[in-house]
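These are the residues of each chain, in order.
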Amino acid sequence: MPGNTPIAASKPPKRTSMSRSRLSQFRKYKVLYIISLPGLLYFIVFKYIPLLGSAMAFQDYNIFNGFSASPWVGLEHFRRMFEYSEFLRILKNTILIGGYDLIFAFPVPIILAILLNEMRVVLFKRVLQTVVYMPHFLSWVIIGGIAIGILSPSTGLVNSMLESLGLDSIYFLGEESYIRSILVGSGIWKDSGWGTIVYLAALAGINPELYEAARIDGANRWKQISKITIPAILPTVVIMFLLHIGNFLDFGFERVFVFLNPLNENSGDILDTYIYRVGLIQQQYSYTTAIGLFKSVVGLGLIMIGNTLSKKATGSGLY
Amino acid sequence: MQPSSKLRRFHLFDCMNYIFMTLLGIMMIFPILHVLAKSLSSEAAINSGRVSLIPVDLTFDNYQVILNDPSILRAFGVSVFITVVGTLINLVSTASLAYPLSRQEYQGRKPILMLILVTFIFSAPLIPNFLLIKNLHLLDTLWALMIPGAISAYNLFIMRSFYMSLPNELIDCARTDGASELRIIWSVVLPLSKPIMATMGLFYAVTHWNSYSQALYYINSRTLYPLQLRLQEIVMNNSMAEAGGLMEELSNVSPSGVQMSVIIVSVLPIMLVYPFLQKYFVKGMLIGSIKS
């Protein structure tokens, strides 16, 4: 931009002309800066201040002393965390539930997208998409309410089916052994249809001539799927997998809290529900902030490791 | 011989696929029909386990109970309020940051974008957020449900990529015509942003309508409970009572028919806008996935 006019170019100190043109640019577009102010302020106040406030994980935060007067205790809370058998049990729950989610819930949208893509009757496909996207828009309370209603030992649909088959009715939400399956299963019901969108978009980009050529060469449907379809969506799968890995410990507060009761808490409690109960209700502020930080750092670490591995293996990653 | 067997194989795959997918569709619909049927059945029929997909002893009593319960009606009103006002706050604050960040003329947008991306990847734990809300005196006000989530970084990036896709010539043209920057935003950019505003508005509105954790963290007064939190309370009380075998003894346990009708009432607004939702959400998802 400097040197646009001969006069600007002839001025010897280049820096002043640069800053002057910057200033005039700034003046010219000051409206842009003004309207961006509230948004920038928002990120500073509601994102960066709490992030700085996370330093209280290294303090013995006391609500009366406040942030500045509370004593610093270093890594004390992190050490305490790993000495609590309660914390270790909940960490184990979180890892197990996250692991089941990765194994059972992650592949479902991929398979559904491939099957949807194989459907040739457009109307049928459209109707089906409308139906499978729908649960995504229901809240977790509603999903929880529906699940509790269906699984109810006395009035639920599942148990009346079991009874009509001559089997005993089961109190699904009252036993530790079912809670993890219910948590992962309800997520599959809610979001696997919606999850197909990303993969369907990737599938739509495949050149139809590839299938044409494969058919002429005598490849059957399975061959076409395994040799054309799957390789085509593999990069998308890798990216979604990395995002999923980064959220490994973030199974979600709302979806678990609604299912918890004293009978299943032992296997169903995760870090987020623990942080709410011990942090907010019992007010162990510093300790639970330490847990929260631990969770964020692990998530970041997992994303970075996954990204490096993916770059090595496939040449593409998130960043 | 060969081609005909291949043809049959194609046929078999398709058959299986259509049957499987139909079953899947049924699995998605049945639970909701079951809840609807229960909400329209008498308590006696529900308790005897006779209700599956069709209402037994058709009655509107359960809905009558809701209409006579001021706490549920109030919660419905609170939810409508935070959805409407909250979404307006979201749209104004997201758009007014996304547009400048999409312009070449805005100095320093690269570092700002990086700093915003950081908050997207690494977010603060619950307690520092809670203390911030407390220190700002937003605790136990409806603002606590609308201000802290005013801009979602994800939506900001989607909106920014929409503004970046607007043709530059359009804005340059308006500039050479002597229009001020404000005028350009008002009469050129805003009218063009209708589709992205609709998409983002629905994104935000559904989040507001469906969320209950924010209210659980920040709201104490029962008069300020949004519908989802009230519903969560009803569902949870019931589940707790069932867990303790106290079904009949607890007075705050709602009959399951009433529970089911509260579920239907809170699903209804979503279902009414679902046709729009599907159209705009899919579009928004695609913009998001392509750009990121």
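Residues numbered from 1 in each chain as written. Chains lettered and ligands numbered in written order. Predicted model: local features only at pLDDT ≥ 70, side-chain atom pairs only at ≥ 80, totals over all residues. Heavy atoms only, no water.

Caption draft 1: Geometry of the layout of surface pockets. Space inside the second largest pocket adds up to approximately 660 Å³. Lining the second largest pocket are 25 residues, with I150(A), G185(A), W189(A), M27(B) and P31(B) positioned closest to its centre. Elements that contribute at least two residues to the lining of the second largest pocket include exactly α7 (107–118), α9 (140–151), α10 (157–164) and α11 (176–204) of chain A together with α1 (2–39) of chain B. Looking at the lining of the second largest pocket element by element, the count peaks at seven residues for α1(B). Among the residues making up the lining of the second largest pocket, the classes are represented as 22 nonpolar, three polar and no charged. (1 Å grid on protein atoms, 1.4 Å probe; cavity = no way out; pocket = protein on both sides within 12 Å on 5 of 7 lines; lining within 4 Å. Points joined across faces, edges and corners; volume = space filled by probe spheres on them. Helix = DSSP H or I, 4+ residues; strand = E, 2+ residues; numbered from the N terminus. Nonpolar A, V, L, I, M, F, W, Y, C, P; charged D, E, K, R; others polar.)

Caption draft 2: Seen up close, the environment of I32(B). The topology assignment puts I32(B) in helix α1. With a relative accessible area of 18%, I32(B) lands in the buried category. (Buried < 20%, exposed > 50% of the residue type's maximum accessible area, 1.4 Å probe, protein only.)

Caption draft 3: Region of the structure containing α11(A). With 29 residues, α11(A) should reach 42 Å at 1.5 Å per residue; the first-to-last C-alpha distance of 43 Å fits that figure. At D191(A), α11(A) shows its largest kink, close to 45°. (Expected span 1.5 Å × (residues − 1). Bend = angle between axes of the 7 residues up to and from the residue.)

Caption draft 4: Geometry of the interface of chain A and chain B. Chain A puts 90 residues into the contact, and the matching count from chain B is 93 residues. Here chain A packs against chain B, burying approximately 8,500 Å² in sum over the two surfaces, 75% of which is carbon and sulfur. Linking chain A with chain B are one salt bridge. Across the pair R221(A) and D14(B) runs a salt bridge, and its minimum N-O distance is 3.0 Å. Inspection of the chain A/chain B interface yields 21 residue pairs in polar contact (both at pLDDT 80 or more). Counting residues per element, the side of chain A that touches chain B draws most heavily on helix α3 (residues 30–53) of chain A, at 17 residues. Residues belonging to the side of chain A that touches chain B are distributed by class as follows: 59 nonpolar, 24 polar and seven charged. (Contact = heavy atoms within 4.5 Å. Buried area = accessible area lost by both parts, 1.4 Å probe. Salt bridge = Lys/Arg side-chain N within 4 Å of Asp/Glu carboxyl O. Polar contact = N/O pair within 3.5 Å; in protein donor to acceptor, adjacent residues only side chain to side chain.)

Caption draft 5: Geometry of the UniProt feature "transmembrane region" (unreviewed entry) in chain A. Residues and elements named next belong to chain A. The sites that carry the UniProt feature "transmembrane region" (unreviewed entry) are, in the present numbering, residues 31–49, 95–116, 137–158, 193–211, 232–253 and 285–305. Helix makes up 64% of residues 137–158 and strand 0%, with an end-to-end C-alpha separation of 24 Å. Secondary structure across residues 193–211 divides into 84% helix and 0% strand, with the first and last C-alpha atoms of the span separated by 25 Å. (UniProt positions renumbered as here; feature names shortened; annotations may be inferred.)

Caption draft 6: Looking closely at the pattern of salt bridges. The final tally for this structure, using the stated rule, is 14 salt bridges over all chains. Connected through salt bridges with shared partners, the residues R103(B), E105(B), D172(B), R175(B) and E181(B) form a single ionic network.

Caption draft 7: Representation of the nonpolar core in the model. Core analysis: the biggest nonpolar cluster contains 175 residues, and F87(A), L138(A) and Y163(B) have the highest contact counts within it. Ranked by residues supplied to this core, first place goes to helix α14 (residues 256–291) of chain B with 12 residues. Inspection of this core shows a minimum of three residues originating in each of domain 1 (1–59) and domain 2 (60–292) of chain B. Judged by nonpolar contacts, the second largest core, of five residues, contains A37(B), I46(B), V51(B) and V56(B). (Core = buried A, V, L, I, M, F, W, Y, C linked by side-chain atoms within 4.5 Å. Domains from an automatic or database assignment.)

Caption draft 8: Representation of the UniProt feature "domain: ABC transmembrane type-1" (unreviewed entry) in chain A. Mapped onto this numbering, the UniProt entry gives "domain: ABC transmembrane type-1" (unreviewed entry) at residues 91–306 of chain A. A helix fraction of 76% and a strand fraction of 0% characterise residues 91–306 of chain A, whose end C-alpha atoms lie 21 Å from each other.

Caption draft 9: The arrangement of helix α13 (residues 221–246) of chain A in detail. Residues and elements named next belong to chain A. The terminal C-alpha atoms of α13, which comprises 26 residues, lie 35 Å apart, in line with the 38 Å expected from a rise of 1.5 Å per residue. The sharpest bend along α13 reaches about 45° and sits at L234, with the proline P235 one to four residues further on. Of the positions making up α13, those classed as buried are R221, Q224, I225, I228, T229, I233, T236, V237, V238, L242, I245 and G246. Between the side-chain oxygen of the N-cap and the backbone nitrogen of W222 there are 3.1 Å, and the N-cap of α13 in question is N220.

Caption draft 10: Geometry of the domain arrangement of chain B. Residue and element names in this part refer to chain B. In terms of domains, chain B is made up of domain 1 (1–59) and domain 2 (60–292). If you look at the interface, domain 1 gives 10 residues, while domain 2 gives 11 residues. Here domain 1 and domain 2 share an interface that buries about 910 Å² over both sides, 65% of which is from carbon and sulfur atoms. Its largest share of buried area at the contact with domain 2, domain 1 owes to V35, S39 and T59, together 48% of the area lost on that side. Between the two partners, domain 1 and domain 2, sit zero salt bridges. Applying the counting rule to domain 1 against domain 2 returns six residue pairs in polar contact (both at pLDDT 80 or more). At the level of elements, α1 and α2 (43–47) are the ones that each hand at least two residues to the side of domain 1 that touches domain 2. Residue classes in the side of domain 1 that touches domain 2 are distributed as four nonpolar, four polar and two charged.

Caption draft 11: Main features of the side chain of N264(A). Residue and element names in this part refer to chain A. Following the sequence through the fold, N264 ends up in the loop between α14 (253–257) and α15 (265–268). Under the relative-accessibility criterion, N264 is labelled buried at 0%. A polar contact is formed between the side chain of N264 and the backbone oxygen of F259, at a distance of 3.1 Å. The contact partners of N264, leaving out residues within four places of it in the chain, are L173, E175, E176, I179 and F259.

Caption draft 12: Here's a closer look at the packing of helix α5 (residues 109–121) of chain B against helix α8 (residues 153–165) of chain B. Residues and elements named next belong to chain B. Between α5 and α8, the shortest axis-to-axis distance is 9 Å and the interhelical angle comes to 140°. By the angle between their directions, the pair α5 and α8 is classed as oblique. Residues L113, I116, L117 and F120 of α5 lie in contact with α8, whose contacting residues are A153, Y154, L156, F157 and R160. Here the residues of the contact of α5 with α8 are counted per class, giving eight nonpolar, no polar and one charged. (Axes fitted to C-alpha atoms, helices over the stretch in contact; angles between N-to-C directions. Parallel < 35°, antiparallel > 145°, perpendicular 65-115°, else oblique.)

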